[in-house]
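Letter by letter, the chains look like this.
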Amino acid sequence: MRYPLEPDRSEMQALADAVLRRAIDFVEQLPERPASPAGVQPEEIRALQRRLLAPPAEEPTPLGDVLARMEEAADTAVESAGPSYLAYTPGGGLFAAAVADLYARATNRYIGLSAVAPGMAALEYSVVRWLCDVAGFPAGAGGILVSGGSTANFTALVAAREQRLGEDIAAGALYMTREAHHSVGKAARLAGLPQRSLRIVPASSERRMDVQAAARMIAADRAAGLRPFLLVGSAGTTNTGAIDPLSELADLAAREGLWYHVDGAYGGLFCLTERGRERLRGIERADSVTLDPHKGLFMPYGTGALIVRELRTLRAAHAASGEYLQDLPDQEVPDFADLGPELTREVRGLRVWLPLHLYGVAAFRAALDEKIDLAQHAYRRLAAEPLLDLPWEPQLSIVALRVKAQDGERADALGRNVLERVNAGRRVFLSSTVVEGRFTLRLAILAHRSHRDRVDEAVAAIIEAVRDASNSTAT
Ligand SMILES: Cc1ncc(COP(=O)(O)O)c(C=O)c1O
């Protein structure tokens, strides 16, 4: 009897070789691949999507055809794996992590409950423990690898809600600035908190939380019958990379008895570097920290982390059981199912563990240091251009800039024009945001494949674009 779902050794080899060859070709071509599909006509993209939405056939499709379709699917995209990706929050995707994933998927260990695969659970938990050390957390700390920053923020918010509010959540209030990532507000909504629970604390001109203002709001809210329970600081905002005054926020949270969560999805892993550790001082005093290996450790998407000062707080919020799980004894490594929303879950640790061990931690530290240097370099070069305004010196690796003009509206229009011109070149891909009501361009330098040559290209493209845009609209 032949089972088509169970290829033999030579078939497995042929399939893996064919895919691996394509993956390696792809990675080799990354430096020359276009930064985005800018210029591809919308109707071409619609046609592509229609083709790729096709359901599977009843009969087998030849391997070559399947792989060609797969490549077609990957081909038209913002090149989020390459050196040109300087938009949003880059990650990269280490090749070694992809290979680890192949092994993890083939071995398909079940690590929702640690007793089922104690070795793989321990290996994954070694990554969590290391992340706790990186953030400077004490013994007793722990955490869980989750799918990304949004899930980590949600998991933290549920733990904070459970510990500080219990079931009486209607009057709960949490504090953050407008610069906090939108996933925090979304997490509050998903956690059942009413919209009015979100208290937006003013930010200083550096886009950092005004701690005095937060203290005044907390006092006023308490007097008005609300139950302040959570203070959220940002260890590097998405907009400008601003770092909230993390130590002062820790003091405030301690004084007021609030849970202190730090969203370090973008910036937290810079703790690996000396400069990052200095700038993020206070993060080690948080009750929980979101860290995103799919950003700061260049892992493939789907790799986030939440670490907590006291593991029992995560357990209190997430532990649950069923009679059908009665045979499983407790282990040294906690059951991940007790620490987050998932029971069955993918192995996320191997893809982090393998590159960390293979390359050593120093390689990651050096790569992050390089990003800080590159941001400083770009900032200095762009700030020297009289047509540009760079209101904030980069704290980590995001450079935010605006176009100078007599009035804000014209500056915003020029900014949009610059973004379009730069991205149309397809050598780099930038994104924009709005800060203080003003259109703001961002150069987010975090991909492990972005080095000095590409940052120089981005800087040159921005300067050329702003000169051209100013000239063409001035005449
Ligand atoms: C500061 C911050 N927090 C949270 C998130 C959300 O992370 P994810 O996209 O992994 O859900 C991001 C994403 O860029 C971020 O920059």
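Residues numbered from 1 in each chain as written. Predicted model: local features only at pLDDT ≥ 70, side-chain atom pairs only at ≥ 80, totals over all residues.

1. A few points about the site of the ligand
Part 1 of the reasoning: Around the ligand, the surrounding shell holds 13 residues, and the nearest of these are Gly148, Gly149, Ser150, His181 and Ala265.
Part 2 of the reasoning: Each residue belonging to the shell around the ligand can be placed in one class, and the counts come to 2 nonpolar, 9 polar and 2 charged. (Near = placed C-beta within 6 Å. Nonpolar A, V, L, I, M, F, W, Y, C, P; charged D, E, K, R; others polar.)

2. Re the sheet that holds strand β3 (residues 198-201)
Part 1 of the reasoning: Strands sit in the order β1-β7-β6-β5-β4-β2-β3 across an open sheet of 7 strands; the sheet is mixed. On the outer flanks of this sheet lie β1 (142-146) and β3, each paired with one strand and no other. Recorded for the sheet is a direction-independent mean angle of 20 degrees between the axes of neighbouring strands.
Part 2 of the reasoning: Sheet topology places strand β2 (residues 172-177) next to strand β4 (residues 227-234); 4 bridges connect them, and they run parallel. (Pairing = 2+ DSSP bridges. Helix = DSSP H or I, 4+ residues; strand = E, 2+ residues; numbered from the N terminus. Axes fitted to C-alpha atoms, helices over the stretch in contact; angles between N-to-C directions.)

3. Some points on the pairing of β4
Along any regular strand the residues' side chains alternate between the sheet's two faces.
Part 1 of the reasoning: The buried fraction of β4 is high, at 7 of 8 residues.
Part 2 of the reasoning: Summarising the sheet, β4 and strand β5 (residues 259-264) pair through 5 bridges and their orientation is parallel. For Ser234, the partnering residue across the bridge sits in β5 and is Asp263.
Part 3 of the reasoning: Taken together, β4, helix α9 (residues 246-256) and β5 constitute a β-α-β crossover, and its handedness is right-handed. (Buried ≥ 20, exposed ≤ 12 C-beta atoms within 10 Å, placed from the backbone. Right-handed = clockwise from strand over helix to strand, strands pointing away.)

4. Points about unusual backbone geometry
Part 1 of the reasoning: Of note in the backbone geometry, Asn108 takes a positive phi value of approximately 45 degrees without being a glycine.
Part 2 of the reasoning: Within the element layout of this structure, Asn108 appears in the loop between α4 (95-107) and α5 (118-135).
Part 3 of the reasoning: C-beta crowding within 10 Å serves as the criterion here: with 9 such atoms nearby, Asn108 is assigned to the exposed category.
Part 4 of the reasoning: Although it is not a glycine, Arg426 sits at a positive phi angle of roughly 60 degrees.

5. As for the domain arrangement of the protein chain
Where the parts come together, the accessible area they lose is often given as the size of the interface.
Part 1 of the reasoning: Parsing the protein chain into structural domains produces domain 1 (7-40 + 76-93 + 361-475) and domain 2 (109-359).
Part 2 of the reasoning: Each of domain 1 and domain 2 has a C-alpha centre, and the two are 28 Å apart.
Part 3 of the reasoning: Taken together, the contacts link 22 residues of domain 1 with 28 residues of domain 2.
Part 4 of the reasoning: Mapped by element, the contributors of at least two residues to the side of domain 1 that touches domain 2 are α14 (361-383), β9 (398-403) and β10 (431-435).
Part 5 of the reasoning: It is α14 that contributes the most residues to the side of domain 1 that touches domain 2, 7 residues altogether.
Part 6 of the reasoning: Taken together, the residues that form the side of domain 1 that touches domain 2 break down as 12 nonpolar, 8 polar and 2 charged. (Domains from an automatic or database assignment. Contact = placed C-beta atoms within 7 Å.)

6. What about the sheet that holds β10?
Part 1 of the reasoning: Across the sheet, 4 strands lie side by side as β8-β9-β11-β10; this open sheet has antiparallel pairing. If you trace the sheet from one side to the other, it starts and ends with β8 (388-389) and β10, each paired once.
Part 2 of the reasoning: Bridge count for β10 against strand β11 (residues 438-444) is 5 bridges, and the pairing is antiparallel. Among the inter-strand pairings, Ser432 is bridged to a residue of β11, identified as Leu441.
Part 3 of the reasoning: Across the sheet, α14 lies against β8, β9 and β11, angled at about 15 degrees from β9, the strand it touches most.
Part 4 of the reasoning: Sheet strands in contact with helix α15 (residues 408-424) are β9, β10 and β11, and its direction is about 35 degrees off that of β11.

7. As for the packing of helix α6 (residues 149-165) against helix α7 (residues 182-190)
Two packed helices can be described by the angle between their axes and the distance between those axes.
Part 1 of the reasoning: One way to put it is that α6 packs onto α7 with a least axis distance of 9 Å and a crossing angle of 45 degrees. Relative to α7, the element α6 is oriented oblique. In the packing of α6 onto α7, the handedness of the crossing is right-handed. On α7, the residues touching Gly149, Ser150, Asn153, Phe154 and Leu157 of α6 are Ser183, Val184, Lys186, Ala187, Ala188 and Leu190.
Part 2 of the reasoning: Partitioned by chemical class, the residues of the contact of α6 with α7 number 6 nonpolar, 4 polar and 1 charged. (Parallel < 35°, antiparallel > 145°, perpendicular 65-115°, else oblique. Left-handed = near helix turned anticlockwise from the far one by under 90°.)

8. Looking at the packing of helix α8 (residues 211-223) against α9
Part 1 of the reasoning: Between α8 and α9, the least distance of the axes is 10 Å, while the angle of their chain directions is 15 degrees. When the axes of α8 and α9 are compared, the pair comes out roughly parallel. The interaxial crossing formed by α8 with α9 has right-handed handedness. Mapping the contact onto sequence places Val211, Ala214, Ala215 and Ile218 in α8 and Glu248, Leu249, Leu252 and Glu256 in α9.
Part 2 of the reasoning: Its residues placed into classes, the contact of α8 with α9 shows 6 nonpolar, no polar and 2 charged.

9. Here we look at the nonpolar core
Part 1 of the reasoning: Leu86, Ile307, Ala378 and Val418 are the most contacted members of the largest nonpolar core, which totals 128 residues.
Part 2 of the reasoning: Here this core takes 10 residues from α5, the largest share from any one element.
Part 3 of the reasoning: What Ile307 contacts, discounting residues up to four positions off in sequence, is Val128, Leu131, Cys132, Ala135, Phe137, Ala141, Gly143, Ser288, Val289 and Leu291. (Core = buried A, V, L, I, M, F, W, Y, C linked by C-beta atoms within 7 Å.)

10. Considering the environment of Arg189
Part 1 of the reasoning: Turning to its location among the elements, Arg189 is positioned in helix α7.
Part 2 of the reasoning: The partly exposed category is assigned to Arg189, around which 14 C-beta atoms lie within 10 Å.
Part 3 of the reasoning: Separated by 188 residues in the primary sequence, Arg189 and Met1 have C-alpha atoms spaced 53 Å apart.

11. Focus on α5
Part 1 of the reasoning: Between the first and last C-alpha of α5 there are 26 Å, a value that for 18 residues agrees with the 26 Å anticipated at 1.5 Å per step.
Part 2 of the reasoning: Taken residue by residue, α5 has Met120, Ala121, Leu123, Glu124, Tyr125, Val127, Val128, Leu131, Cys132, Val134 and Ala135 as its buried positions.
Part 3 of the reasoning: Where α5 is buried, its residues contact β1, β6 (288-291), β7 (304-308) and α13 (349-359).
Part 4 of the reasoning: Taken from the residues just after α5, Gly136 is the one with a positive phi, measuring 80 degrees. (Expected span 1.5 Å × (residues − 1).)

12. Digging into the pairing of β5
Part 1 of the reasoning: β5 sits mainly inside the fold: 6 of its 6 residues count as buried.
Part 2 of the reasoning: Of the two faces of β5, the one holding Trp259, His261 and Asp263 and the one holding Tyr260, Val262 and Gly264 are both buried throughout.
Part 3 of the reasoning: Strand direction decides the pairing type here: β5 and β6, joined by 4 bridges, are parallel. Residue pairing in the sheet places Asp263 in a bridge with Thr290 of β6.
Part 4 of the reasoning: In this fold, β5 hands off to helix α10 (residues 274-279), which returns the chain to β6; that crossover is right-handed.

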